[in-house]
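Coordinate inspection notes
Each chain, letter by letter, is given below.
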Amino acid sequence: MKFNVGDKIKIVKPFMRMGRNHVGSIGKIVELMYYRRPYIGSDPTHYNVKFDCYKRCHIFMRSELEDSCDKIE
C-alpha cells in the first residue's frame, strides 16, 4: 500500500479515468476501501480521493492510482 488516509497526492501521468487535462492536479486520500476477495487478502483495493478539479470525492482502483500519482511531501 503506497498511500494512507490524509496523504496529499499529485497526478504525474495521465490515466484512463482522469485524462490528460488533469495532470498536475492535487488530491487528498479521504478513505481506504476494502472489498472482500479471497485472492487479495486484507489490503485495501480502492481509494476514495478528493481532487481539486472535482467538487466531490471519487473512487479509484489502487493499482491505477499508485501507478499514476506521487505523494507530496
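Residues numbered from 1 in each chain as written. Predicted model: local features only at pLDDT ≥ 70, side-chain atom pairs only at ≥ 80, totals over all residues. Heavy atoms only, no water.

This part covers the pairing of strand S2 (residues 26-33). Judged from the three bridges that link them, strand S1 (residues 8-11) and S2 form a sheet pairing that is antiparallel. The residue of S2 that forms the bridge with Lys8 is Lys28. (Pairing = 2+ DSSP bridges. Helix = DSSP H or I, 4+ residues; strand = E, 2+ residues; numbered from the N terminus.)

Another point: the sheet that holds S1. A sheet is described by the order of its strands in space; here five strands give the open sequence S4-S3-S2-S1-S5, paired in antiparallel fashion. Looking at strand neighbours, the two that pair on one side only are strand S4 (58-61) and strand S5 (69-71), the edges of this open sheet. Averaged over all neighbouring strand pairs, the angle between strand axes comes to 45°, with direction disregarded. Taken together, the six bridges between S2 and strand S3 (residues 46-51) define a ladder with antiparallel strand orientation. (Axes fitted to C-alpha atoms, helices over the stretch in contact; angles between N-to-C directions.)

All right, on to the environment of Leu32 then. Topologically, Leu32 is positioned in strand S2. In this structure Leu32 comes out as buried when scored by relative accessible area, which is 17%. It is 9.5 Å that separates the C-alpha atoms of Leu32 and Ile59, two residues lying 27 residues apart in sequence. (Buried < 20%, exposed > 50% of the residue type's maximum accessible area, 1.4 Å probe, protein only.)

According to the stated counting rule, one finds two aromatic pairs in the structure shown. Between Phe3 and Tyr47, the aromatic rings sit 5.8 Å apart at their centres with planes inclined by 65°, giving edge-to-face as the arrangement. Taken together, the residues span a long stretch of sequence, with Phe3 in the segment before S1 and Tyr47 in strand S3 at a distance of 44 residues. Neither residue differs from the other here; Phe3 and Tyr47 are each classed as buried. (Phe/Tyr/Trp six-rings, centres within 6.5 Å; stacked < 30°, edge-to-face > 60°.)

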